[in-house]
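Structure assessment
Spelled out from the first residue to the last, the chains are:
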2 protein chains.
Amino acid sequence: MISKKMENMVANSSAIRAMFEEGNRLAKIYGPENVFDFSLGNPNVPAPKAVKQAILDILDEEDELVLHGYTNSNAGYEDVRQAVAESLNERFGTAFAAKNITMTVGAAGGLNVILKALLNPGDEVITFAPYFGEYRSYVNNFDGVLVEISPNTVDFQPKLDEFEAKITPKTKAVIVNTPNNPTGVVYSEETIRKMAEIMEKKQNEYGTEIYLISDEPYRELAYDGVDVPYLTRYYANTIVGYSYSKSLSLPGERIGYLVIPDDVKDSETLIAAANVANRILGFVNAPTLQQKVVARCLHEKTDISYYNRNRETLYQGLIECGFECVKPQGAFYLFMKTPIKDEKTFCQEAKKYNLLLVPGSSFGCAGYVRIAYCVAYETIVNALPKFKELAKEYQLG
Amino acid sequence: MISKKMENMVANSSAIRAMFEEGNRLAKIYGPENVFDFSLGNPNVPAPKAVKQAILDILDEEDELVLHGYTNSNAGYEDVRQAVAESLNERFGTAFAAKNITMTVGAAGGLNVILKALLNPGDEVITFAPYFGEYRSYVNNFDGVLVEISPNTVDFQPKLDEFEAKITPKTKAVIVNTPNNPTGVVYSEETIRKMAEIMEKKQNEYGTEIYLISDEPYRELAYDGVDVPYLTRYYANTIVGYSYSKSLSLPGERIGYLVIPDDVKDSETLIAAANVANRILGFVNAPTLQQKVVARCLHEKTDISYYNRNRETLYQGLIECGFECVKPQGAFYLFMKTPIKDEKTFCQEAKKYNLLLVPGSSFGCAGYVRIAYCVAYETIVNALPKFKELAKEYQLG
């Protein structure tokens, strides 16, 4: 009875659900403290205290009808968008105004909005493996075609030769995600410059516009002072999708924004289209109370030192076990090479040690697993002996 | 540069924007108290006090990580869904469980979720004019075809003969909206019974399933004790889309739910599909704080007496002016026949008196205008002399 497009997706989702239920089952048998669930990207660092204070202040200070009402524009409150624009300008030397900001239902909402605005059926959207698997669904929602660039497993920077070769006259957009889910790798400034050059060249060659969509919910989660280039500064046709899910630990509240700079070709029309898409896709506007909250918390930061300690401990521990992995520079994921090619079998094996991991094929990169380390520190400490046993099984270390 | 599907929509949205800006322009010239904006369905009765108290209590009582985190299921918190189900069972004698409830980003989000779950390209969705114009876009989002049943301008109950005639093997869904936007009419129990009979008959004839989608954000806004039948009790394949936008005056917060009862054909698969659709359309889950808020405010009611006074005053006033309209039984809209066929010209004329109205053609019913009376009472009192002058222009009264 359900739509054909949904049939496969429902089957896949049953698999994810099965994994989730397996986790619950194991927790019942062994106790939750003995099950090491590294499968979810749900932050375990609470929202900064300022978030609660902001809610209390807003409830006291704002007119309820405005606070809980539809916003005049589907793009959100003018004052909130102005505040977001100014904060970006301050940090990145950009020159955005309120009109360049569309508040969205998280980054997932924002990506759907911009793809709805841009894609005709058959349009191609390029992304670089490994990538967040939901991009497949988002592009498919609008009958676009997701074109994958194969993973560069040396350092997980994008393969630029293959990128250039796969751009066609049908290429409408390129999605990048840096810091990256699932590798934690940050694309270097050199990478970004070269990507921009390639896209400029191809735009000229084909007489097309190629929009670079920067999906950056992990921007603020970067370690060791690594620089995360702000992409609108390198390439004119850049659109930024942002979420406060990780930076303020508010993933359930569904609050983020799109930036559509004036430099983008036909930016006014695209901004208008994004507003309409926000409405007709059923978002209507980003949740209003949370719009006001983030506007008051633009200078707040999550406790990144917590994630950093997890990162160091997990990375060192895994290396000592003999596993092979690239040290993540950002986000809260570690992408580990599996000692056998078939990483799904490895995940099954890991489950025997109550280690729950996600197969790399979910991210377009088999032979790897994703370990989400946005968990309690103790979970990592207690899981490492299990990883050690697992490694021994494969004669590592 | 934008997608072809969006081009017309952006053009239309410019027209709405122009109207909005015209209202602002008039307000600057004449003062906002002398501009009578009846164009928007934004409640002017504040949220019940219990909403603020619920937020404060939740902030004190709930674990922040759970409160602002992703929900375990894309359908929302289990306890919230259980509370919603129990409240419906109590009120309507139904037998829903948590699994039958999917929390959504308002009713607009819910409708998109269920249409995504159901529609293949070319599937037909029937609705009854006049209807909420956004249905066109929602159905178009999934390449469905919206089939309109022409308006019955006698009492605005649906034309059932035409309905029966227009059901085809491609009919996948029927959307009803009662209390109705824009007429305020409540479909009678007799109407609902007959509709159900017709759909049962056609399902048998074609060997298909026809899903009745009841879009009911105005359920609690019914006057004079009129009964609003709960549709799952009349027809097995009924799905309910609800929103707290009007009942708790929270339209900006984007919180509502879908009910997919066990009686619905293949309900388990459809529930699973709705959860996946919630995720991949970018909603992910309904905003978490607001989920918790509505669960604590299930017995709260908006101040319907305010809208009722507006309704009585506006209806009596317009009748006395000589205008023709069906008295609304619910919602906060009044649908008035225009003294000339071309209601767009009438709207232009009304604007000379600073009366902002929406043409009926936006709702698939020319020759009428929608007057949203969710405004301050004073606005209605002060607008009536203007309506009187407008009526005189057309030799009414």
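Residues numbered from 1 in each chain as written. Chains lettered and ligands numbered in written order. Predicted model: local features only at pLDDT ≥ 70, side-chain atom pairs only at ≥ 80, totals over all residues. Heavy atoms only, no water.

Stated precisely, the cut-off is as follows: UniProt positions are given in the numbering used here, feature names are shortened, and annotations may be inferred rather than shown by experiment.
In the nomenclature of an unreviewed UniProt entry, chain A is known as Aminotransferase of Coprococcus comes ATCC 27758. Recorded in UniProt under Sequence similarities (unreviewed entry), the annotation for chain A is "Belongs to the class-I pyridoxal-phosphate-dependent aminotransferase family." In UniProt, chain A has this text filed under Cofactor (unreviewed entry): "pyridoxal 5'-phosphate".

1. Section: the domain arrangement of chain A
Residues and elements named next belong to chain A. The condition that has to hold: Residue ranges for the domains originate in an automatic or database domain assignment. Pairs of residues are marked as contacts when any of their non-hydrogen atoms sit within 4.5 Å. By buried area we mean how much accessible surface two parts lose on assembly, using a 1.4 Å probe and totalling the loss over both. One side-chain nitrogen of Lys or Arg within 4 Å of one carboxyl oxygen of Asp or Glu is enough to make a salt bridge. By the criterion applied in these results, polar contacts are pairs of N or O atoms within 3.5 Å in which, for protein atoms, one can donate a hydrogen and the other can accept it, and in which residues neighboring in sequence qualify only through two side-chain atoms.
Domain boundaries in chain A define domain 1 (4–48 + 302–393) and domain 2 (63–296). Distance from the C-alpha centre of domain 1 to the C-alpha centre of domain 2: 27 Å. In this complex, domain 1 contributes 32 residues to the contact, which on the side of domain 2 involves 37 residues. Both sides of the domain 1 and domain 2 interface together cover about 2600 Å² of buried area, and 59% of this is carbon and sulfur. Viewed at the interface, domain 2 and domain 1 are joined by two salt bridges. Scanning the region where domain 1 abuts domain 2 turns up 15 residue pairs in polar contact (both at pLDDT 80 or more).

2. So, the nonpolar core
Using the following cut-off: The criterion is simple. A nonpolar core is a set of buried Ala, Val, Leu, Ile, Met, Phe, Trp, Tyr and Cys residues joined through side-chain atoms within 4.5 Å. Note on exposure labels: buried denotes an accessible area under 20% of the residue type's maximum, exposed denotes more than 50%, and partly exposed covers the range between, all computed with a 1.4 Å probe on protein chains only.
Ranked by internal contacts, the top residues of the largest apolar core, which has 77 residues, are A:Ile114, A:Leu115, A:Leu270, B:Ile114, B:Leu115 and B:Leu270. Look past the residues within four positions of B:Leu270 in its chain and what remains in contact with it is A:Ile2, B:Ile114, B:Ala117, B:Leu118, B:Tyr211, B:Ile239, B:Ile260 and B:Val264. A:Ala47, A:Tyr242, B:Ile101 and B:Ala286 belong to the second largest nonpolar core, which has 62 residues in total.

3. With respect to the UniProt feature "domain: Aminotransferase class I/classII large" (unreviewed entry) in chain A
The condition is simple: Under the scheme used here, helices are H or I runs from DSSP no shorter than 4 residues and strands are E runs no shorter than 2 residues, and both carry numbers assigned from the N terminus.
Summarizing the sequence annotation, UniProt attributes the feature "domain: Aminotransferase class I/classII large" (unreviewed entry) to residues 34–380 of chain A in the numbering used throughout. The distance separating the terminal C-alpha atoms of residues 34–380 of chain A is 11 Å; by composition the span is 38% helix and 15% strand.

4. A few points about the interface of chain A and chain B
What counts is decided by this rule: Residue polarity is assigned by list, with Asp, Glu, Lys and Arg as charged and Ala, Val, Leu, Ile, Met, Phe, Trp, Tyr, Cys and Pro as nonpolar; anything else, Gly included, falls into the polar class.
At the junction of the two partners, chain A supplies 76 residues and chain B supplies 75 residues. Both faces combined, the contact of chain A with chain B buries some 6000 Å², and carbon together with sulfur accounts for 58% of it. Broken down residue by residue, the surface that chain A buries against chain B is led by A:Met1, A:His68 and A:Tyr70, which jointly contribute 13%. There are four salt bridges connecting chain A and chain B. Among the ionic pairs, B:Glu134 bridges to A:Arg279, the shortest N-O distance being 2.8 Å. At the junction of chain A with chain B, the criterion picks out 40 residue pairs in polar contact (both at pLDDT 80 or more). Of all the elements in the fold, those that place two or more residues in the side of chain A that touches chain B are helix H1 (4–30), helix H2 (49–61), helix H3 (64–67), helix H5 (106–118), helix H6 (134–141), helix H9 (267–280) and helix H10 (288–296) of chain A. When the residues that make up the side of chain A that touches chain B are grouped by side-chain class, the tally is 39 nonpolar, 21 polar and 16 charged.

5. Brief notes about the packing of H9(A) against helix H1 (residues 4–30) of chain B
The condition is simple: Where helices are involved, their axes are fitted lines through C-alpha atoms of the stretch in contact, as for all axes, and angles between N-to-C directions lie from 0 to 180°. The labels follow the angle: roughly parallel below 35 degrees, roughly antiparallel above 145, roughly perpendicular from 65 to 115, and oblique for the rest.
Contact geometry for H9(A) and H1(B): axes closest at 9 Å, N-to-C directions at 95°. Put simply, H9(A) runs roughly perpendicular to H1(B). When H9(A) is examined against H1(B), the residues A:Ala272, A:Ala273, A:Val276, A:Ala277, A:Arg279 and A:Ile280 are found in contact with a partner set consisting of B:Met6, B:Met9, B:Val10 and B:Ser13. A per-class count over the contact of H9(A) with H1(B) returns eight nonpolar, one polar and one charged.

6. Comments concerning the packing of aromatic side chains
Residues and elements named next belong to chain A. To be explicit about the condition: A pair of aromatic rings is counted whenever rings of Phe, Tyr or Trp (Trp by its six-membered ring) have centres within 6.5 Å, and the orientation is called stacked for planes under 30 degrees apart, edge-to-face for over 60 and tilted otherwise.
One pass over the structure, following the stated rule, counts 43 aromatic pairs over all chains. With a centroid separation of 6.1 Å and an interplanar angle of 80°, the aromatic rings of Phe323 and Phe346 are classed as edge-to-face. With Phe323 in the loop between helix H11 (304–321) and strand E9 (324–325) and Phe346 in helix H12 (residues 343–351), this residue pair connects regions lying 23 residues apart in the sequence. Relative accessible area serves as the criterion here: at 4%, Phe323 is assigned to the buried category. Using a relative accessible area of 0% as the deciding quantity, one classes Phe346 as buried.

7. Overview of the relation of the copies chain A and chain B
Applied cut-off: To line up the copies, we fit them by least squares on C-alpha atoms, keeping just the residues with pLDDT of at least 70 in both.
Under the fitted operation, chain A is carried onto chain B by 0.0 Å of movement along the axis and a turn of 180°, and the coordinates agree to an RMSD of 0.0 Å. Interpreted geometrically, this transformation is the action of a two-fold axis. The share of interface residues of chain A whose copies in chain B are also at the interface is 99%, consistent with both copies meeting through the same surface.

8. Let's talk about the pairing of strand E4 (residues 145–149) of chain B
Selection criterion: Pairing between strands is defined by DSSP: at least two bridges between them are needed.
Examined bridge by bridge, strand E3 (residues 124–128) of chain B and E4(B) share five bridges and lie parallel to one another. The partner of B:Phe128 across the bridge, within E4(B), is B:Ile149.

9. Regarding the side chain of B:Arg81
Residues and elements named next belong to chain B. Along the chain, Arg81 falls in helix H4 (residues 78–92). Judged by its relative accessible area of 7%, Arg81 is buried. When near neighbours in sequence (up to four residues on either side) are disregarded, Arg81 contacts Ser73, Ala75, Gly76, Ala98, Lys99, Ile101 and Met103.

10. Brief notes about H2(A)
Note the following rule: By definition here, a helix of n residues has an expected span of 1.5 Å times n minus one. Starting at the helix axis, one direction is taken to each C-beta atom, and the arc is that of these directions.
The terminal C-alpha atoms of H2(A), which comprises 13 residues, lie 18 Å apart, in line with the 18 Å expected from a rise of 1.5 Å per residue. A:Val51, A:Ala54, A:Ile55, A:Ile58 and A:Leu59 are the residues of H2(A) that are buried. Buried residues of H2(A), viewed axially, fall in a sector of 130°; they line one side. Seen from the open side of H2(A), the exposed residues pointing more than 90 degrees away from its buried face are A:Lys49, A:Asp60 and A:Glu61. Tucked inside the fold, the buried residues of H2(A) contact H3 and H10 of chain A together with helix H2 (49–61) and helix H10 (288–296) of chain B.

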